[in-house]
Each structure stands twice: as C-alpha cells, then as structure tokens.
Amino acid sequence: MTFTPGPPPEKPRSGWPRGRVGWIAGSLLLIVLGVIVGQVLGNVMLGLLLALIVSIGWIIAYESSRGGRDGKLNDPDDDGARL
C-alpha cells in the first residue's frame, strides 16, 4: 500500500477579498469626479450626493459582474428573490 498525499494545505486567508482594491479605487474616483461636477454646478454637496448615489450603483454592478453569472439569463436555480 502506498501513501498518496492529499492536496497541499491552503494558505490562511488574509481577510482582504480579491478585487476590493478595484471597487475602492473606483468609488474614490467617482467621489472625486462628483466634487469636480459639484464645483462646476456651484454646489459641492450636490456633486457629492450624486457621486455617492452613482458609486453605490457602481459597487453593486462591479460585485455583480464578479459573481460569474454574466450574460446567463436562463438560470434554473434563480427563484427571483435575489437582487
């Protein structure tokens, strides 16, 4: 009988998910653009509010695209309850 080793032990996770840098950088960029748009419009708070709304939508879209179900409209497991 021979001993066959199993898979190598997994490295401990760092707690920093892959891809987080991308959405943090994108959100910061959108907020900076919001400040610039706010200065052009004459109301920085309005620009920040618009940037916050757009960045939340961008984070949702970014994480959704990383989910691995892009373009798959016919999903037999989808019960319609998920966002």
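Look up a bit, the structure's there.
What you see as residue numbers is a count from 1 along each chain, following the sequence as written. It should be noted that, the model being predicted, local features are given only for residues of pLDDT at least 70 and side-chain atom pairs only at 80 or more, the latter also being counted only at that level, while totals for whole chains, interfaces and linings use all residues. Each side-chain value is derived from all of the structure's non-hydrogen atoms; neither hydrogens nor water enter the calculation.

**Student:** Is there a simple way to explain helix H1 (residues 20-41) in this structure?
**Tutor:** Structurally, the α-helix is built with 3.6 residues per turn, so residues lying three or four positions apart point the same way. Under the DSSP-based scheme used, a helix requires at least four consecutive residues in state H or I and a strand at least two consecutive residues in state E, with every element numbered from the N terminus. One less than the number of residues in a helix, times 1.5 Å, gives the span that helix is expected to have. The end-to-end C-alpha separation of H1 is 31 Å, in line with the 32 Å expected for 22 residues at 1.5 Å each. Note on exposure labels: buried denotes an accessible area under 20% of the residue type's maximum, exposed denotes more than 50%, and partly exposed covers the range between, all computed with a 1.4 Å probe on protein chains only. Taken together, the buried positions of H1 are occupied by Gly-26, Ser-27, Gly-34 and Gly-38. Looking straight down H1, one finds its buried side chains confined to an arc of 115°; they lie on one side. Along H1, the residues that are exposed and aim more than 90 degrees away from the buried face are Val-21, Leu-28, Leu-29, Gln-39 and Val-40. Any two residues whose heavy atoms approach within 4.5 Å are treated as being in contact. Where the residues of H1 are buried, they touch helix H2 (44-65). Gly-42 occupies a position one or two residues after H1 and carries a positive phi of about 90°. As used here, the arc belongs to the directions running from the helix axis to the C-beta atoms.

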